[in-house]
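Here are the chains, one letter per residue:
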Amino acid sequence: MSDAHKLLVLAGDGIGPEVMREVARIVHWMSAHRGLKLEITEELVGAASLAAHGVPIRDEVIELARQSDAVLFGSVGDPAWSHVGFDKRPEVAILKLRKELELFANLRPAKLFDALIDASALKPEVVRGLDLMIVRETVGGIYFGEPRGIETLPDGSRRGINTEVYTTSEIERVARVAFDLARKRDNRVCSVEKCNVMESGLLWKEVVTDIHKREYSDVQLSHMLADNCAMQLVRDPNQFDVIVTGNLFGDILSDLASMLTGSLGMLPSATLGPARADGKRNALYEPIHGSAPDIAGKGIANPLAQILSFAMLLRYSLNRGEDADLIETAVSNVLASGLRTGDIMSPGMARVGTEMMGQAVLREMEKLA
C-alpha cells in the first residue's frame, strides 16, 4: 500500500468511539467506490490510554502522528480522572499533540445548514446564510506560556499563575493562514485581541497590521476587541468572513459560534502545522463537541461533526475536494429530509440515533455518487 495515505485514528473517550464508527463506515465505502486508499492505524488516547498505559498519550502515538498524512481525532475527557494532577488528565493528550506536532492554526468553520435554521439560538433573519471561519492560534498564548502553576504564598494562601505570551513569528504564521483562507472565500479578515488592556494583544494587532501591509494588502482587514467580537457574533454574525485570534479568545469565540449553527454536534475543525520538507503539513481533524460523558454509550450522539471533520481531512490533507463536497452535500440533504439527533431536534422532525444518522448519510452518498 505504498501509494496509500497514512491515517492515524484516535477515537478517544466518551462518545468519541461511537461517532468514529460512523466515519469508519464512510471510509470503507469510499475505499470500495471512490478509490480512496488509506493505511489506517488506531491507537488509544485520553482516559482510554490512562487506563491501559498510565499516561494520556504515549510517545509512540505522537511519533505515529508525525509519520501520518493526517490524524482523525475523536474526543478526550472523563470525569473519573478529575482527581489526578493536571499532567495526567485525559485532556493533556490533545494539548500535547498540538504542541509536539506544532499544530498552530485551528480552523473552525461555523456554517448554518438551511434545514437547521430553527435550531440556531438566533432569529432566522439574523443568522440565515451564516458561513464564517474562525482561525485560532493553538500552541501559544496563555495555555502554554510560562511561568504557570499554583504556588503557596508565605501567608498560607495559594496563587494560580498563567502567562499570555506571543512572539512575532507565532502571530505572523497564523495570520498568513487566515489571509490565505480569506482569499479563497469573501476576502475579509477580522483580527481579534484585547489591545486595550493586554500588551500581548497590542503586539498581536501591530504584527497582523504589518504583515497585511507587506503581503496581503488585497485582503480587507479589520480589528476588533474580543469582548466586542462576542457581542457582534450574536448581534450580526454575517458581518464576518474569517476571524483570526489567539488561543484563549479563539477557544471561547468558536464555542459561542457553535450555537449560531444550532449545536456543537454540527461543527468540525482542522488544526494545521507548518509545511514539512515533503510539502505536506502535520494536521489533526476533530469535532469540537468534546467527549460528552453524560450521553456516552446511549447511542444518541450526533455523528455529523465527526463526519464533517473527515470531510475537512479529505479537503485539506488529501486534496480530495470532490469527495469532501460529496460528504457535505449528503449531510445537507439528510438534514433537509427531516432526520435529527436529539441535540438538533425540532417539532415535526424525525428523531434518530447515532447509527441511523450515520447510515442515512452513507445512503445519501450512494445516491449522489
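Predicted, not measured: the structure shown is a model, and the values here were computed from it.

Trainee: When you look at the pattern of salt bridges in this model, what are you seeing that I'm missing?
Mentor: A side chain of one charge can pair with a side chain of the opposite charge when the charged atoms of the two come close. According to the stated counting rule, one finds 27 salt bridges in the structure shown. Ionic pairing is found between R159 and E151, a salt bridge with its closest N-O pair at 2.5 Å. Accessibility expressed as a relative area gives 29% for E151, which makes it partly exposed. Residue D218 is joined to R183 by a salt bridge in which the shortest nitrogen-to-oxygen separation is 2.7 Å.

Trainee: Help me out: how do you make sense of the pairing of strand 12 (residues 281-287) in this one?
Mentor: Here is the key point about a regular strand: its side chains alternate between the two faces of the sheet. Counting buried residues along strand 12, six of its seven residues qualify, which places the element largely inside the surrounding structure. Where strand 3 (residues 70-75) meets strand 12, two bridges bridge the pair, whose relative direction is parallel. Within strand 12, the position partnered with L72 by the bridge is Y285. Summarising the sheet, strand 11 (residues 268-275) and strand 12 pair through six bridges and their orientation is antiparallel. By the bridge assignment for strand 12, L272 is matched with A283. Between strand 11 and strand 12, which pair antiparallel in sequence order, lie five residues; one of them, G279, sits at a positive phi of approximately 90°.

Trainee: Would you mind going over the side chain of S254 with me for this structure?
Mentor: Here S254 is to be found in helix 9 (residues 247-261). Within the structure, the side chain of S254 is placed 2.7 Å from the side chain of R108, a separation counted as a polar contact. Reaching out from S254, the side chain makes a polar contact with the backbone oxygen of G250 at a distance of 2.7 Å. When near neighbours in sequence (up to four residues on either side) are disregarded, S254 contacts R108, I134, L267 and I288.

Trainee: Got a minute to help me understand the state of the cysteines in this structure?
Mentor: Among covalent bonds in proteins, the disulfide is the one between the sulfur atoms of two cysteines. Counting across every chain of the model gives zero disulfides. Of all cysteine sulfurs, the one in C229 lies closest to C190, which takes part in no disulfide; the gap is 5.6 Å. Given the relative accessible area of 4%, C190 is considered buried. No disulfide involves C195; its sulfur sits 12 Å from the nearest other cysteine sulfur, which is in C190.

Trainee: Help me understand the packing of aromatic side chains in this model?
Mentor: Enumeration over the complete set of coordinates arrives at two aromatic pairs. When the ring of Y166 is compared with that of W204, the centres are 5.2 Å apart and the planes differ by 70°; the resulting orientation is edge-to-face. Residue Y166 is found in the loop between strand 7 (158-161) and helix 6 (168-183), and its partner W204 is found in helix 7 (residues 199-215); the two are separated by 38 residues along the sequence. W204 carries the same exposure label as Y166, and that label is buried. An angle of 20° between the planes, with centres 4.8 Å apart, marks the rings of F179 and Y216 as stacked. Here F179, found in helix 6, pairs with Y216, found in the loop between helix 7 and strand 9 (220-225); they are 37 residues apart in sequence, far enough to count as distant. The class for Y216 is buried, based on a relative accessible area of 5%.

Trainee: When you look at the UniProt feature "binding site: Mg(2+)" (unreviewed entry) in the protein chain in this model, what are you seeing that I'm missing?
Mentor: Taking the numbering used here, the UniProt-annotated feature "binding site: Mg(2+)" (unreviewed entry) corresponds to D227, D251 and D255. Sequence-wise these annotated residues cover 29 residues; spatially they are packed, their C-alpha atoms never more than 14.0 Å apart. Counting through the fold element by element, D227 comes out in helix 8 (residues 226-235). For D227, a relative accessible area of 47% corresponds to the partly exposed category. Classification of D255 as partly exposed rests on a relative accessible area of 34%. Beyond its immediate chain neighbours, meaning those up to four positions away, D255 contacts R108, L264 and I288.

Definitions and limits used
- Residues numbered from 1 in each chain as written.
- Predicted model: local features only at pLDDT ≥ 70, side-chain atom pairs only at ≥ 80, totals over all residues.
- Heavy atoms only, no water.
- Salt bridge = Lys/Arg side-chain N within 4 Å of Asp/Glu carboxyl O.
- Buried < 20%, exposed > 50% of the residue type's maximum accessible area, 1.4 Å probe, protein only.
- Helix = DSSP H or I, 4+ residues; strand = E, 2+ residues; numbered from the N terminus.
- Pairing = 2+ DSSP bridges.
- Polar contact = N/O pair within 3.5 Å; in protein donor to acceptor, adjacent residues only side chain to side chain.
- Contact = heavy atoms within 4.5 Å.
- Disulfide = S-S within 2.5 Å.
- Phe/Tyr/Trp six-rings, centres within 6.5 Å; stacked < 30°, edge-to-face > 60°.
- UniProt positions renumbered as here; feature names shortened; annotations may be inferred.

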